[in-house]
Amino acid sequence: MSASSQANPLAEPVPQMDLAAQYAAIGAEIRIAIDRVMASQQFVLGPEGAALEAEIASLCGVAHGVGVGSGTDALVLALRACGVQAGDEVLLPPFTFVATGSAVSALGAKPVFADIRPETYNIDPAELERRVTPRTRAIVVVHLYGLPADMDPILAFAKARRLPVIEDNAQAIGASNKGRPTGSLGDAACLSFYPTKNLGAYGDAGMVVSNSPELSERIRTLRNHGQTAKYFSSEPGWNNRLDEIQAAVLRVKLRHLSNWQRARQANAAEYMRLFREVRGVMPPFVPEGFEHVYHQYTIRIEQRDALQQFLSERKIASTVYYPHPLHLQPLYASLGHKPGDFPHAERAAQEVLSLPMYPELRKDQIARVVEAIADFVKC
């Protein structure tokens with residue numbers, strides 16, 4: 001072990017993300033926006049939400065946006081609007097946050113998993129043919145870590161079988177697939193504005209975007225107790241509305257998103273440059289024609305857990321997204337899956353590690369992270 005690899009008790013911690021730095025830069029704008037809502041005393045289904053819906057739809061290159069209470073709400077409502085009911089099956093990857101699967105389960109439908117491509121962590125289009133059945137009613141495609149999935153073969157597969165495609169775009173707002181923005185590729189796309197996202201609220205918030213006026217109108221009804229007119233409900237619905245304070249906060253942050261995205265991409269490029277000299281580490285892979293927005297900068301290494309402990313001792317934060325693939329979660333024990341059923345997802349869960357990544361991250365901090373990993377590899 002080299003001398004530089006020893007933990008330095010005086011070293012400045014490197015957080016995995018730093019929302020305080022973001023707030024320090026835009027806090028005054030945020031307070032003005034919140035004060036505007038407080039002065040209006042309109043807190044639900046008001047002008048801030050309507051304006052945000054239009055602005056996010058424009059960013060995603062679609063006609064409609066429907067604000068909802070969270071990214072999970074967006075998935076549930078989009079699935080329901082696409083016709084998914086109890087007893088149906090929905091294809092999705094097993095390597096994702098549990099909400100992708102639990103949204104399917106919330107409707108009484110069955111998640112059917114399709115393994116990922118090991119180099120991108122996104123669903124393998126070739127796996128869909130193996131998993132589709134006569135009960136399949138939809139496909140949920142996750143753009144994991146900020147990298148779009150390979151949509152062309154997925155869309156061709158879905159079109160041939162007349163299956164709706166829902167993008168789980170919680171981590172990839174602003175990304176693009178061959179010049180087309182994520183959010184515009186499927187029948188509907190679901191966004192999360194959880195505080196840690198590239199565009200994060202100050203609480204839970206989400207949105208469904210779509211080019212379909214019928215789907216969008218159905219989601220507007222479902223998010224508001226199934227009401228098609230005031231106090232007139234045509235079907236069971238939910239209370240899943242986006243509130244005005246969160247919408248106002250997001251509208252401020254949206255003005256900064258393109259700059260933050262460029263900063264994330266510059267940080268990723270710096271990581272990539274430094275990792276060229278480090279053996280045994282697999283940095284993110286970006287296929288030609290795909291734009292990655294680096295919600296996470298995720299590497300792979302065989303001794304992942306030991307590396308994470310090594311970094312922690314040097315005050316460098318990191319996170320595993322995600323340590324347990326969905327098919328091995330207790331939630332889905334009744335499906336009868338066992339280790340080895342989805343080997344690429346399982347291996348990714350054992351090897352991925354997300355390193356510090358946020359717009360305000362400095363080059364010297366990146367260098368310190370990579371130096372520590374290089375020291376670990378040499379040990």
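Our subject is the structure listed above.
As the structure is a computational prediction, the values presented were derived from the model and not from experiment.

**With respect to the overall build of the protein chain**
Thinking step 1. Helices and strands together make up the secondary structure of the protein chain, namely twelve helices and 14 strands.
Thinking step 2. Against the 2.2 N^0.38 benchmark of 21 Å for 379 residues, the protein chain shows a C-alpha radius of gyration of 21 Å, consistent with a compact globule.
Thinking step 3. With the C-alpha coordinates aligned to their principal axes, the bounding extent of the protein chain is approximately 70 × 55 × 35 Å.
Thinking step 4. Looking at the 379 residues of the protein chain, the share that counts as buried comes to 54%.
Thinking step 5. Within the protein chain, residue pairs in contact and separated by at least 24 positions form 72% of the contacts whose partners lie at least 6 positions apart.
Thinking step 6. Put simply, the protein chain shows about 16100 Å² of open surface, and 53% of that area lies on carbon and sulfur atoms.
Thinking step 7. The averaged location of the 40 negative side-chain charges in the protein chain is 1 Å from the averaged location of its 38 positive side-chain charges.

**So, the pattern of salt bridges**
Thinking step 1. Going through the model one piece at a time under the given rule, you end up with 24 salt bridges.
Thinking step 2. Of the charged contacts in the structure, one is a salt bridge between E12 and R362, with a shortest N-O distance of 3.1 Å. Taken together, the residues span a long stretch of sequence, with E12 in the segment before α1 (19-40) and R362 in the loop between β14 (352-355) and α12 (363-378) at a distance of 350 residues.
Thinking step 3. Residue classification places E12 among the partly exposed residues on the basis of a relative accessible area of 43%.
Thinking step 4. Accessibility expressed as a relative area gives 35% for R362, which makes it partly exposed.
Thinking step 5. The closest approach of N and O atoms between E235 and R218, which form a salt bridge, is 2.8 Å. In this pair, E235 sits in the loop between β11 (232-233) and α8 (244-254) while R218 sits in helix α7 (residues 213-222), placing the two residues 17 residues apart along the sequence.
Thinking step 6. What emerges from the salt-bridge pattern is a single network uniting R36, E48, E55 and R251.

**Section: the sheet that holds strand β4 (residues 136-142)**
Thinking step 1. The mixed open sheet is built from seven strands, whose spatial order is β1-β9-β8-β5-β4-β2-β3. Pairing within the sheet leaves two strands with one partner each, and these edge strands are β1 (64-68) and β3 (110-113). Neighbour-to-neighbour, the strand axes of this sheet turn through a mean angle of 25°, independent of strand direction.
Thinking step 2. Of the strands in this sheet, β1, β2 (89-92), β4, β5 (165-168), β8 (188-192) and β9 (206-210) are in contact with helix α3 (residues 71-81), which crosses β8 at around 165°.
Thinking step 3. Contacts between α7 and the sheet are confined to β1, β8 and β9, with β1 contributing the most and set at about 20° to the helix.

**So, unusual backbone geometry**
Thinking step 1. A cis amide bond links Y321 with the next residue in sequence, Y322, at an omega value of 15°.
Thinking step 2. Mapped onto the elements, Y322 comes out in the loop between α10 (304-313) and α11 (343-351).
Thinking step 3. Here the phi dihedral of Y231 falls at roughly 60°; this positive angle occurs in a residue that is not glycine.
Thinking step 4. Turning to its location among the elements, Y231 is positioned in the loop between β10 (227-229) and β11.
Thinking step 5. A residue is classified by how much of its surface remains accessible, and Y231, at 73% relative accessible area, is exposed.
Thinking step 6. If you check the backbone angles, K315 has positive phi at about 65° while not being a glycine.

**Examining the environment of W260**
Thinking step 1. Looking at the secondary structure, you find W260 in helix α9 (residues 257-275).
Thinking step 2. W260 sits 34 residues away from G226 along the chain, and the two C-alpha atoms are 37 Å apart.
Thinking step 3. If we ignore the near neighbours within four places in the chain, the residues touching W260 are Q22, I26, N198, K253, P359 and E360.

Definitions and limits used
- Residues numbered from 1 in each chain as written.
- Predicted model: local features only at pLDDT ≥ 70, side-chain atom pairs only at ≥ 80, totals over all residues.
- Heavy atoms only, no water.
- Helix = DSSP H or I, 4+ residues; strand = E, 2+ residues; numbered from the N terminus.
- Rg over C-alpha atoms; globule rule 2.2 N^0.38 Å.
- Buried < 20%, exposed > 50% of the residue type's maximum accessible area, 1.4 Å probe, protein only.
- Contact = heavy atoms within 4.5 Å.
- Areas by Shrake-Rupley, 256 points an atom, 1.4 Å probe, with all protein chains shown as cover.
- Lys, Arg positive; Asp, Glu negative; His and termini not counted.
- Charge placed at Lys NZ, Arg CZ, Asp CG, Glu CD.
- Salt bridge = Lys/Arg side-chain N within 4 Å of Asp/Glu carboxyl O.
- Pairing = 2+ DSSP bridges.
- Axes fitted to C-alpha atoms, helices over the stretch in contact; angles between N-to-C directions.

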